[in-house]
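Chain by chain, the residues run as shown.
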Amino acid sequence: MYKKKVCMVGEFSVGKTSLVQRYVHSIFSEKYLTTVGVKIDRKEVDVDGEKIQLLLWDIQGEDAFSSVPMSYVKGTSAIILVVDGTRGYTLDTAFEIKSHIDEAVGDKIPCIVLFNKYDLLHQWEITEEDIAAVKAGGVLTMCTSSKDGSGVEDAFESISRMMMGKNALAAA
Amino acid sequence: MENFPDPVKKVLYDRLVGKGPIGLLELDLSGKPVSLYGDLESFGIGDLDLDVAADAQLDFLTGMLNPTAMPVELPFIEMPSGMSTDIHIFAENNRLWVLLIGVDDKSSRQKTVQQKVNDMSLTHHRQSRILNQYLGEEVARRLKIGIDSVDSNGERRRLTMMFADIRGFTTFSENSQPEEVFEALNIYLRAMIPAVIDEHGVIDKIIGDEVMAIFGMLPGRTNGPNHAVLASIRMLQAIDELNRARRKQNLAILQVGIGIATGPVSLGVLGSRHRKSITVIGNHVNLAARLQGVAGPNQLVIDHPTYNSLNLENQNFTRKMVELKGFSAPVAIHLLEFDKASNPEIGNPGCDPNLGNSEG
């Protein structure tokens, strides 16, 4: 069975840990608990009959005082950039981190942008134009909600397919 | 250090390494385990298969064992046992070495601080969002006009900076329920911000109870110092009215101190697409902040260049010399004690038909 490392990165409190918790353990908590360093979770997925084990590196969020150490993304097979739809600036942070990752490990690694907190759509600062601009850059985007689970399975399935060189699911 | 007595070594070891467990994996260049040392059980690492590469057995080593890309340092990795661990990977003597140091204490301290800072940052964002619901469009519109007027390479301009905050707010917030604090803060800011907008100012920053505004960037009907002082008086007036209502409800009284300074500053626009902000740097910015520190409850303190540029009538400023931190010589200041009775002609700013409806 293939083992594939996937790094989840983004600003603090965008919902990286919640996405992993929803996807791996089917649970969600409203309470925000900051992540220090990295927590690694596993999940086995099936891509067109081929089993792969995802190693999900839930990496601490970037904040004003600390940036993501690039040693964490060494050897990764995919990057998931997580953006909080209710905080527009987290999109900029995601792409700042992405540019550091590109410098550290190259820009050929499969990448997906998740616009999270879709259940709070009425509070979103991220606009359709923002999402269109990301798509225009050739990056797959999906809208997710760890709270109600929407888009989460599809997002991880898509990144798994991309890592195996297959077409991702249709973008949300 | 080999010759040091054992008790000294122990102190140094504890100080440098901490009291957490330590483990060491010795691997051959293909990544297969050769020897295992230390307290690996504390990290949740049981028996490893010596015929299988360690990165296939241990998730945290996946993709990490390339001898040409050493050393690698991975801080605060949560191990299978749940222990937060600093991992160092080296290549030495045709071997790969994976050193594991348990850092639960350090991680938990870091977590406490990080949680507090991030919570504060989220609160600030939420607070800005609430404000924007009431005033955001106008504040944002003014800010955009200000940003658009600034040379993208930065420039130098003579501007008037104002800092205002609630006296004793920290004590109030420490002794009050969070809901009460945020309600008071929102009411306070909703009283303060229109004063800046009506006087053609740009809100530069709101940090907690501190408001920083810039005057002289946007066209107005008079100069920046006049607008800044008028805005201050409107603020003090608004707070006075607010307090009358709060007294009736037995709520804490909010008292404001304001500092203003005028002079040449370096002006630029910093930030990303979603977080553009005007940045003013210079001695007069620091001076305005210091003057706010000097101002007592319901006092406005301005520097001499601001005072000299005023053409307002009936302003009862008192001149003083003060020593300020960061300033080598005493600074001349002008202090206005807000007293509604002594400022009757500005007691009703709504009488001026030009206020708040003109950009030029």
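Being a predicted model, the structure only gives us computed values, none of them experimental. (Residues numbered from 1 in each chain as written. Chains lettered and ligands numbered in written order. Predicted model: local features only at pLDDT ≥ 70, side-chain atom pairs only at ≥ 80, totals over all residues. Heavy atoms only, no water.)

Asker: Can you walk me through the overall build of chain B in this structure?
Answerer: Regarding its fold elements, chain B presents eight helices and 13 strands. Considering chain B as a whole, with its 360 residues, one finds that 45% of them fall into the buried category. Here the contacts in chain B between residues at least 6 apart in sequence split such that 61% fall between residues at least 24 apart. Summed over its atoms, the accessible surface of chain B is roughly 18200 Å², and 51% of this surface lies on carbon and sulfur atoms. (Helix = DSSP H or I, 4+ residues; strand = E, 2+ residues; numbered from the N terminus. Buried < 20%, exposed > 50% of the residue type's maximum accessible area, 1.4 Å probe, protein only. Contact = heavy atoms within 4.5 Å. Areas by Shrake-Rupley, 256 points an atom, 1.4 Å probe, with all protein chains shown as cover.)

Asker: What am I meant to see in the overall build of chain A here?
Answerer: Each helix and strand counted, chain A has four helices and six strands in total. Overall, chain A shows an N-to-C arrangement of helices and strands of β-α-β-β-β-α-β-α-β-α. Residues classed as buried in chain A amount to 55% of the 172 residues present. Contacts in chain A between residues far apart in sequence, at least 24 positions, make up 70% of those at least 6 positions apart. With an accessible surface of roughly 7000 Å², chain A has 49% of that area assigned to carbon and sulfur atoms.

Asker: Explain the sheet that holds strand E6 (residues 140–143) of chain A to me, please; I cannot follow it from the model alone.
Answerer: Strands pair in a sheet through their backbones, by hydrogen bonds, and they do so in one of two ways: parallel or antiparallel. Taken in spatial order, the 11 strands of this open sheet run E6(A)-E5(A)-E4(A)-E1(A)-E3(A)-E2(A)-E3(B)-E4(B)-E5(B)-E1(B)-E2(B), and their pairing is mixed. Since the sheet does not close on itself, it has two edges, and those belong to E6 of chain A together with strand E2 (33–38) of chain B, each with one partner. With direction set aside, neighbouring strand axes in the sheet form an average angle of 30°. Sheet analysis places strand E1 (residues 22–27) of chain B next to strand E5 (residues 95–102) of chain B, joined by six bridges and oriented antiparallel. If you follow Leu27 of chain B over to E5 of chain B, its bridge partner there is Leu96 of chain B. (Pairing = 2+ DSSP bridges. Axes fitted to C-alpha atoms, helices over the stretch in contact; angles between N-to-C directions.)

Asker: Looking at this structure, how should I read helix H1 (residues 16–25) of chain A?
Answerer: One full turn of an α-helix is made of 3.6 residues, so residues set three or four places apart face in the same direction. Listing the buried residues of H1 of chain A in full gives Lys16, Leu19, Val20, Gln21, Tyr23 and Val24 of chain A. Phi for Ser26 of chain A, located one or two positions after H1 of chain A, is positive at around 55°.

Asker: Just to check I follow, could you spell out the packing of aromatic side chains for this structure?
Answerer: For any pair of aromatic rings, the description rests on two quantities: the centre-to-centre distance and the angle between the ring planes. The full count for this structure, using the stated rule, is three aromatic pairs over all chains. For the pair Tyr118 of chain A and Trp124 of chain A, a centre-to-centre distance of 5.7 Å together with 70° between the ring planes defines the contact as edge-to-face. Judged by relative accessible area, which is 14%, Trp124 of chain A ranks as buried. Taking 5.7 Å as the distance between ring centres and 80° as the angle between the ring planes, the aromatic pair formed by Tyr307 of chain B and Phe317 of chain B counts as edge-to-face. (Phe/Tyr/Trp six-rings, centres within 6.5 Å; stacked < 30°, edge-to-face > 60°.)

Asker: When you look at unusual backbone geometry in this model, what are you seeing that I'm missing?
Answerer: Negative phi characterises most residues that are not glycine, and trans characterises most peptide bonds. All names here are of chain B. Here the bond from Met70 into Pro71 is cis, since omega is -5°, no more than 30 degrees from zero. If you trace the backbone, Pro71 turns up in the loop between helix H2 (54–57) and strand E3 (72–78). You will see that Asn250, though not glycine, has its phi angle at about 60°, which is positive. Within the secondary structure, Asn250 sits in the loop between helix H6 (224–248) and strand E9 (256–270). Positioned with a positive phi, Asn298 is a non-glycine residue whose angle comes to about 60°.

Asker: Any chance you could explain the interface of chain B and chain A here in plain terms?
Answerer: How big an interface is tends to be reported as the loss of accessible area on association of its parts. Residue-level contacts link 33 residues of chain B with 35 residues of chain A. In this assembly, chain B packs against chain A so that about 3000 Å² is buried in total across both faces, 53% of it on carbon and sulfur atoms. Across the chain B-chain A interface, the total number found is three salt bridges. Notably, a salt bridge pairs Lys3 of chain A with Asp59 of chain B, separated by 3.4 Å at the nearest N-O pair. Summed over the shared surface of chain B and chain A, the number is 14 residue pairs in polar contact (both at pLDDT 80 or more). Sorting the residues of the side of chain B that touches chain A by element identifies H2, E3 and helix H3 (104–149) of chain B as the ones contributing at least two each. For the side of chain B that touches chain A, the leading source of residues is H3 of chain B, giving 12 residues. (Buried area = accessible area lost by both parts, 1.4 Å probe. Salt bridge = Lys/Arg side-chain N within 4 Å of Asp/Glu carboxyl O. Polar contact = N/O pair within 3.5 Å; in protein donor to acceptor, adjacent residues only side chain to side chain.)

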